Amino acid sequence: MNDRPNMPLPDLYRTMRRIRSFEERVAELYVRNGTAGSMLHLSIGEEGAAAGVCAALRPDDSFTTHHRSHGIFLARGADPNRMMAEIAGKSDGYCRGKGGSMHIADMALGHLGANAIVGGGIPHAVGAGLSYRRLGSGAVSVAFFGDGAMQQGVLYESMNMAALWQLPVLFVCVNNQYGMGTRIDRAAARTDFAERAEVFGLAAMNVDGENVGAVFTAAEALIASARAGRPGFLCVSCFRFYGHGRMDKSPYRSAEEEEAGRRRDPLLTARNALIERGLATTAELDAVDAEIANEMDATIEFAIAAEPPPLSAMFDDVYAPGEVRPEPMRMRLERILACT
Amino acid sequence: MAMQELTYREALRQALADAMTEDNRIVVIGEEVGIYGGAYGVTRGLIDRFGAERLVDTPISEPAIVGAAVGAAMTGLRPVAELMYVDFLGLVLDQLANQAAKIRYMFGGQIGVPLVLRTQGGTGRSAGAQHSQSLEGWVMHTPGLRLAMPATVADAYHLLRHSLTLPDPVVFIEHKALYTRKEAVDLAVPVLPWGRAAIRCAGSDVTLVAYSRMVSVAERAAEALSNEGIEAEVIDLRTLNPLDMETVAKSVIRTGHAVVVSEACLTAGPAAELVARITEECFDFLEDPVLRLAAEDIPVPVSPALEVATIPTVSLIQDTVRRMLNR
Ligand SMILES: Cc1ncc(C[n+]2csc(CCOP(=O)(O)OP(=O)(O)O)c2C)c(N)n1
Ligand SMILES: [Mg+2]
């Protein structure tokens with residue numbers, strides 16, 4: 001691993017293990033019929049991107065994400081219980097059960113929102129950058145998105161604005177090689193994505209997501225540059241270990257390809273590096289893993305036990321509290337039927 | 001052909017296959033329509049029969065997908081553009097509403113845009129606010145676009161086949177909860193012509209006007225009401241543009257009572273248009289105000305407990321009709 005002396009590798013390992021462990025529990029909760037629907041996008045294999053970039057952020061920085069974002073949010077310090085409750089559509093969740101896996105957010109942690117529209121959240125980071133510069137806050141905003149969004153027009157409008165206005169923004173493409181069943185080479189004639197960002201005037205890098213240390217180092221440099229007024233772009237190459245969503249068994253790719261892809265495991269690579277360098281023993285890492293497994297097991301029970309939102313909550317938060325609310329159709333009918 | 005058990009999904013696939021066999025100008029273009037077989041499996045296997053030249057997998061670039069379909073339709077192809085979710089209309093409205101819908105008119109009738117935009121909408125999968133909407137009202141509000149929303153397996157087939165013969169852009173909205181609906185159908189038996197509403201269930205006490213998935217909800221309500229001695233007539237609009245007011249008005253003039261059922265949001269939605277027309281055209285025959293049962297005026301929540309409560313149900317229709325008729 002190419003990293004500097006004070007590389008927080010043990011912490012990065014812990015973060016990645018927590019993500020892996022959490023995602024495995026999401027899959028389990030789905031099998032147990034405890035999730036709200038099946039549109040659950042696991043980030044197993046992508047932990048290096050989430051852990052590496054988020055470790056380089058300051059607490060006052062913010063970010064937006066795509067739909068495969070459990071890992072990014074956990075790496076930012078989310079409470080896994082509240083995350084799992086949200087994924088189950090329960091009122092103890094981060095968005096009171098209304099957002100679910102694909103629309104999770106937490107303003108307290110600077111999570112401006114996950115997005116189920118490919119590319120939808122990218123310009124929000126540009127807007128956040130505009131705010132921070134105008135308000136002089138010194139914060140940076142990061143837009144996370146998948147390789148699929150590399151073909152979405154709004155990305156290019158956003159990169160251009162960020163470069164033109166020299167905003168404190170970092171674009172992070174989590175390039176897991178696939179958008180649903182479409183591999184990047186079937187979506188683009190040229191797949192060097194950093195090359196594209198560069199021509200807009202962004203500081204651009206490609207990095208191997210199997211190496212969390214390299215991701216961290218690159219992110220640190222690009223975030224510092226963005227903070228100083230030169231926005232950046234980081235493409236983190238990795239592999240989506242499993243199907244697109246819970247129903248997808250990936251029939252469009254070969255077993256060999258999957259096997260080779262899964263060998264690019266950022267978690268295993270970091271674990272081996274820690275042991276090789278004498279930073280941790282196998283027994284110590286096993287203990288970390290076990291502790292995390294317990295913590296994540298509890299999220300399932302928490303989510304199952306949590307209450308669904310009450311029906312009355314349906315009409316909350318369409319508009320701000322205290323503002324005129326939508327009149328429930330059933331109440332309206334009562335009113336009309338009462339006078340006919 | 002003969003009677004066969006088909007799902008809504010299979011009927012759509014059959015319609016595409018039959019149309020593509022007859023007309024080699026037809027190409028399907030969209031995300032995951034080829035190798036993957038469509039996000040909801042509608043185009044599964046078609047790439048093996050028709051090849052990647054006619055089942056064109058695209059990058060995730062919706063405005064360019066629809067825009068390219070417009071250009072192709074103007075120059076000799078008959079594109080079927082697939083929009084994975086109707087919610088993504090947000091991305092493509094320029095190409096659909098400002099371009100496809102207006103080209104024939106703006107250019108003085110020189111050319112039309114014979115494309116079909118296939119998509120699907122509605123609730124039922126806890127897919128949340130950005131993947132569960134019913135946006136047919138946006139389409140209805142745009143002159144120049146045809147709009148079909150099949151409720152049955154036979155209509156899934158025939159309306160799609162007919163869409164692929166029309167000279168103007170058609171938005172074809174399927175319902176995600178209907179794909180597994182199964183019926184015994186004989187596809188050789190013609191259905192009602194395009195633009196005509198179907199009476200799914202005859203009755204003399206009240207007219208229930210519905211389309212897409214709400215047709216079967218209304219049918220179940222009619223069945224339940226029938227057990228109480230109330231005979232509801234269920235009309236399936238099939239196409240919202242053209243809109244068959246003649247069939248609706250005839251029914252309402254007989255029953256004197258009408259309820260419009262829709263899964264789209266209540267305010268300024270398709271049901272509002274229907275109620276306005278019924279009121280204008282049948283005023284002297286109405287014994288009660290025409291009512292709308294529609295989705296609540298809120299985004300669709302993910303929580304399954306809330307999601308089901310956002311749209312009309314069998315019991316809501318039943319209660320409403322009962323009270324409307326004072327029974
Ligand atoms: C605008 C838009 N188009 C299409 C989709 C359907 N869709 C959801 S995820 C996805 C693939 C996205 O791929 P990528 O950006 O690489 O993210 P990944 O799933 O690989 O994390 C598609 C096509 C969508 N949600 N939004
Ligand atoms: Mg991807």
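Structure shown above.
In this text, all values refer to a predicted model and were calculated from it rather than measured experimentally. (Residues numbered from 1 in each chain as written. Chains lettered and ligands numbered in written order. Predicted model: local features only at pLDDT ≥ 70, side-chain atom pairs only at ≥ 80, totals over all residues. Heavy atoms only, no water.)

Undergrad: Help me understand the packing of aromatic side chains in this model?
TA: Each aromatic ring pair is summarised here by two numbers: the centre-to-centre distance and the angle between the ring planes. Evaluation of the coordinates by the stated rule reveals 11 aromatic pairs over all chains. Judged by centre distance (4.8 Å) and plane angle (55 degrees), the rings of A:Phe73 and A:Tyr94 are tilted. With A:Phe73 in helix H3 (residues 70–75) and A:Tyr94 in the loop between helix H4 (80–87) and helix H5 (122–135), this pair connects stretches of sequence that are 21 residues apart. Since its relative accessible area comes to 11%, A:Tyr94 is described here as buried. For the pair B:Tyr40 and B:Tyr179, a centre-to-centre distance of 5.4 Å together with 25 degrees between the ring planes defines the contact as stacked. Of this pair, B:Tyr40 sits in the loop between strand S2 (26–30) and helix H2 (46–50) while B:Tyr179 sits in the loop between strand S7 (170–175) and strand S8 (182–185), and the two are 139 residues apart along the sequence. Judged by its relative accessible area of 3%, B:Tyr179 is buried. Within the aromatic cluster, the residues linked to one another by ring pairs are B:Tyr8, B:Tyr40, B:Tyr85, B:Phe88 and B:Tyr179. It is A:Arg82 that lies over the ring of A:Tyr94; its NZ or CZ is 4.0 Å from the centre. Cation over ring: A:Arg253 sits above A:Tyr178, and NZ or CZ is 4.9 Å from the ring centre. (Phe/Tyr/Trp six-rings, centres within 6.5 Å; stacked < 30°, edge-to-face > 60°. Helix = DSSP H or I, 4+ residues; strand = E, 2+ residues; numbered from the N terminus. Buried < 20%, exposed > 50% of the residue type's maximum accessible area, 1.4 Å probe, protein only. Lys NZ or Arg CZ within 6 Å of the ring centre and 35° of its normal.)

Undergrad: Honestly, the site of ligand 1 in this entry has me stumped. Any pointers?
TA: Inspection of the region around ligand 1 gives 23 residues, with A:His67, A:Arg68, A:Ala116, A:Tyr178 and B:Glu62 positioned closest. Neighbouring residues of ligand 1 are not confined to a single chain but are spread across chains A and B. Residue A:Asn176 places a side-chain N or O atom 2.8 Å away from an oxygen atom belonging to ligand 1. Considering ligand 1 on its own, with 580 Å² of exposed area, one finds that the protein chains cover 97% of that surface. Its residues assigned to classes, the shell around ligand 1 comprises 10 nonpolar, nine polar and four charged. (Near = heavy atom within 4 Å. Polar contact = N/O pair within 3.5 Å; in protein donor to acceptor, adjacent residues only side chain to side chain. Areas by Shrake-Rupley, 256 points an atom, 1.4 Å probe, with all protein chains shown as cover. Nonpolar A, V, L, I, M, F, W, Y, C, P; charged D, E, K, R; others polar.)

Undergrad: Sorry if this is basic, but what is going on with the sheet that holds strand S9 (residues 198–201) of chain B here?
TA: Sheet strands pair via backbone hydrogen bonds, and the direction of the pair is either parallel or antiparallel. Residues and elements named next belong to chain B. Across the sheet, which stays open at both edges, the five strands sit in the order S9-S11-S10-S13-S14 with mixed pairing between neighbours. With one partner strand each, in any of the chains shown, S9 and strand S14 (291–295) form the two edges of the open sheet. Geometrically, the sheet is characterised by an average inter-axis angle of 25 degrees between neighbouring strands, direction not taken into account. Of the strand pairs in this sheet, strand S13 (residues 258–265) and S14 are connected by four bridges, and their pairing is parallel. Pairing of Val259 across the sheet is with Leu291, part of S14. Across the face of the sheet, helix H12 (residues 314–324) comes into contact with strand S10 (206–210), S13 and S14 while running at roughly 165 degrees to S14. (Pairing = 2+ DSSP bridges. Axes fitted to C-alpha atoms, helices over the stretch in contact; angles between N-to-C directions. Contact = heavy atoms within 4.5 Å.)

Undergrad: How should I be thinking about the state of the cysteines in this particular structure?
TA: Note on terminology: disulfide describes a covalent bond linking the sulfur atoms of two cysteines. Residues and elements named next belong to chain A. Inspection of every chain in the model, using the stated rule, returns zero disulfides over all chains. Between Cys235, a free cysteine, and Cys173, which holds the nearest cysteine sulfur, the sulfur-to-sulfur gap is 4.2 Å. The exposure class of Cys235 is buried, given its relative accessible area of 4%. (Disulfide = S-S within 2.5 Å.)

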